[in-house]
Amino acid sequence: MKTKELYDQYMITGMVAGFEPIEVDSASAATMTGLDGKTYIDCYAGISVTNAGHNHPKIIAAAKAQMEKLVHCCTYVYYSPRAGELAKVLADITPGKLQKTFFGNGGAEAIEGALRLARQFTGKTEFIANMQSFHGRSNMTLSITGNRARKKNGGPFASGIAFTPAPYSYRCPFGSKTDEECAARTAEYLRDTIRYATSGDVAAYIAEPLMGEGGIISPHESYYKLVKKILEEEGILFIADEVQSGFGRTGKMFAIEHFGVEPEIMTMAKGIADGFPLSAFTVRADIADAFKPGDHLSTFGGNPISCAAAIANIDVLQNEGLVKNSEVRGNQIMTRLKKFMEKSSIVGEVRGRGLMIGIELVKDKKSKTPAVDAAKNVRKACRENGVLIGVGGSFANVLRIQPPLCITETQAAEVCDKLEKAITEAEKAV
Ligand SMILES: Cc1ncc(COP(=O)(O)O)c(C=O)c1O
């Protein structure tokens, strides 16, 4: 039976709607190869996961070596050496006072734990999240998700959650003319959200430093300083959800570093282990100590193979220049596409940092009506021409370019050629 038939008959399918996926056989560095033998430049990296490149030999070797010794012991019942070592590495690479880590398996699990700890530490119960945000598919993470398409049919949701406008300057809810003004207006509005949309019992504010699923919303550099000041005045913790933006994706190890602020809690997953399942949240030591032994546990969390892979992955990101390459290749792609935007009638905005790039397609630049079909068509045409991209955003009209960070200059140029060709073609049908 073909894989598609097996999926259709035997899998509970959450497949991306309206998209014909390839059947993947193997992958290497920034390419994926289908069972039909065709090789593609991968600009989606399994949704921003294989940052060090697919099947990086050093990461595979570290995982294999660990597998020969120990697959599982339960990191929260016995001491697991790789988990301890990785926790120390995370304390070293995360900003400021972030020190102690809890390991889970996926992003949602890390965020669930972080929210629980924030409540336990503060003794408060409410949360504030951004409109358009995405934080996962468990009930609590869907509850703090602002992205309507992702929440659909997921309720009833948890109570005690308020949403505040995101710094989405292309469609700024305050009609701001510049990124900086939109950042200032949305940050200031957080005061009203706290005052008028909560009971004042707020444990934490959670935000993706660069919003991923919401359409690669990349705020002005002033934004999080303004937000953090308000949070500090109000005694509210800041949880930076780096699940998608972490591990070099934006040209720095963590996206929050672009903004010069320190969160009290950081959640991580996706790029942490180059494809091995693992997630983490890292917090200040005094906050961590609010969990008493036995308060929180995960059977598979901090799996030794995943932790060994993560240690090797972080070493590769740091020592093979991949964080820098993310910045350089990101600039290459964005400079080229911003030039193309001037000639194109449907490219409304090109935005992002490093290799977390969004291209928002609109029917015309004045009305900014989302060009949803055009985005679908561009994705399809790119795939037919050997380039895999993603689509996201609140209206499903944002092309997402998030390749492995090892993408070469030649590959990046080829991606731009093919994108421009596909967008030019899609423009005719709008
Ligand atoms: C910012 C962010 N947080 C959380 C999640 C949820 O992660 P997972 O699918 O591993 O549960 C995602 C997934 O896309 C994400 O982008």
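Residues numbered from 1 in each chain as written. Predicted model: local features only at pLDDT ≥ 70, side-chain atom pairs only at ≥ 80, totals over all residues.

J.: Looking at this model, I keep getting lost on the overall build of the protein chain. Mind explaining?
T.: When helices and strands are tallied, the protein chain shows 14 helices and 15 strands. Taken over the C-alpha trace, the protein chain has a radius of gyration of 21 Å; the compact-globule value for 430 residues is 22 Å, and the two agree within 12%. Taken along the three principal axes of its C-alpha coordinates, the protein chain extends 60 × 55 × 45 Å. Taking all 430 residues of the protein chain together, the buried fraction comes to 53%. Counting only contacts in the protein chain whose residues sit at least 6 apart along the sequence, the fraction spanning at least 24 positions is 74%. (Helix = DSSP H or I, 4+ residues; strand = E, 2+ residues; numbered from the N terminus. Rg over C-alpha atoms; globule rule 2.2 N^0.38 Å. Buried ≥ 20, exposed ≤ 12 C-beta atoms within 10 Å, placed from the backbone. Contact = placed C-beta atoms within 7 Å.)

J.: Even after reading the chapter, I still don't get the site of the ligand, so can you show me in this structure?
T.: In the vicinity of the ligand lie 15 residues, with Gly106, Gly107, Ala108, Val243 and Gln244 positioned nearest. No other element matches helix α5 (residues 107-122), which puts three residues into the shell around the ligand. The residue inventory of the shell around the ligand, partitioned by class, reads six nonpolar, six polar and three charged. (Near = placed C-beta within 6 Å. Nonpolar A, V, L, I, M, F, W, Y, C, P; charged D, E, K, R; others polar.)

J.: Hey, could you run me through the sheet that holds strand β1 (residues 24-28) in this one?
T.: Backbone-to-backbone hydrogen bonds join strands into a sheet, with any given pair of strands oriented parallel or antiparallel. Across the sheet, which stays open at both edges, the four strands sit in the order β1-β2-β3-β13 with mixed pairing between neighbours. Each end of this open sheet is capped by a strand with a single partner; those strands are β1 and β13 (387-388). When strand β2 (residues 31-34) meets strand β3 (residues 39-42), the two strands line up antiparallel, connected through three bridges. Looking at the pairing, Met32 lines up with Tyr40 of β3. (Pairing = 2+ DSSP bridges.)

J.: Is there a simple way to think about the packing of helix α12 (residues 322-343) against helix α14 (residues 409-428) in this case?
T.: Any two packed helices are characterised by how steeply their axes cross, that is the angle between the axes, and by the distance between the axes. Interhelical geometry of α12 versus α14 gives an angle of 25° and a closest axis separation of 10 Å. Accordingly, the angle class assigned to the pair α12 and α14 is roughly parallel. Relative to α14, the crossing made by α12 is right-handed. Contacts between α12 and α14 involve Arg329, Gln332, Ile333, Arg336, Leu337 and Phe340 on the former and, on the latter, Glu409, Ala412, Val415, Cys416 and Glu420. Here the residues of the contact of α12 with α14 sort into six nonpolar, one polar and four charged. (Axes fitted to C-alpha atoms, helices over the stretch in contact; angles between N-to-C directions. Parallel < 35°, antiparallel > 145°, perpendicular 65-115°, else oblique. Left-handed = near helix turned anticlockwise from the far one by under 90°.)

J.: Please clarify how the sheet that holds strand β12 (residues 356-361) should be interpreted in this entry.
T.: Read across the open sheet, the four strands follow the order β11-β12-β15-β14; overall the sheet is antiparallel. What marks the edges here is a single partner per strand, and that holds for β11 (347-353) and β14 (390-392). The mean inter-strand angle of the sheet, taken between neighbouring strand axes irrespective of direction, is 25°. Relative to strand β15 (residues 398-401), β14 runs antiparallel, the two sharing three bridges. Within β15, the position partnered with Gly392 by the bridge is Val398. Where α12 meets the sheet, it contacts β11, β12 and β15, and its direction lies at approximately 165° from that of β11. The strands that helix α13 (residues 372-384) touches are β12, β14 and β15; relative to β14, the one it contacts most, it runs at about 165°.

J.: Looking at this model, I keep getting lost on the domain arrangement of the protein chain. Mind explaining?
T.: The domain architecture assigned to the protein chain consists of domain 1 (3-55 + 321-428) and domain 2 (57-319). Placing the centre of domain 1 and that of domain 2 at their C-alpha centroids yields a distance of 24 Å. Between domain 1 and domain 2, the residue contacts involve 32 residues of the former and 31 residues of the latter. Taken together, the elements giving at least two residues each to the side of domain 1 that touches domain 2 come down to α2 (45-48), α12, β11, β12 and β15. Here the residues of the side of domain 1 that touches domain 2 are counted per class, giving 10 nonpolar, 15 polar and seven charged. (Domains from an automatic or database assignment.)

J.: What should I look at first to understand the pairing of strand β7 (residues 202-207) in this one?
T.: Remark: a regular strand shows side chains that alternate across the two faces of the sheet. With respect to burial, β7 is a largely interior element, six of its six residues being buried. One ladder, built from four bridges, connects strand β5 (residues 126-130) with β7; its direction is parallel. Its bridge partner being in β7, Ala129 is matched across the sheet by Ile206. Inspection of the sheet shows β7 paired to strand β8 (residues 237-241) by four bridges, in the parallel sense. The partner of Ile206 across the bridge, within β8, is Ile239. Tracing the backbone out of β7, into helix α9 (residues 223-234) and back to the parallel element β8 gives a crossover that is right-handed. (Right-handed = clockwise from strand over helix to strand, strands pointing away.)

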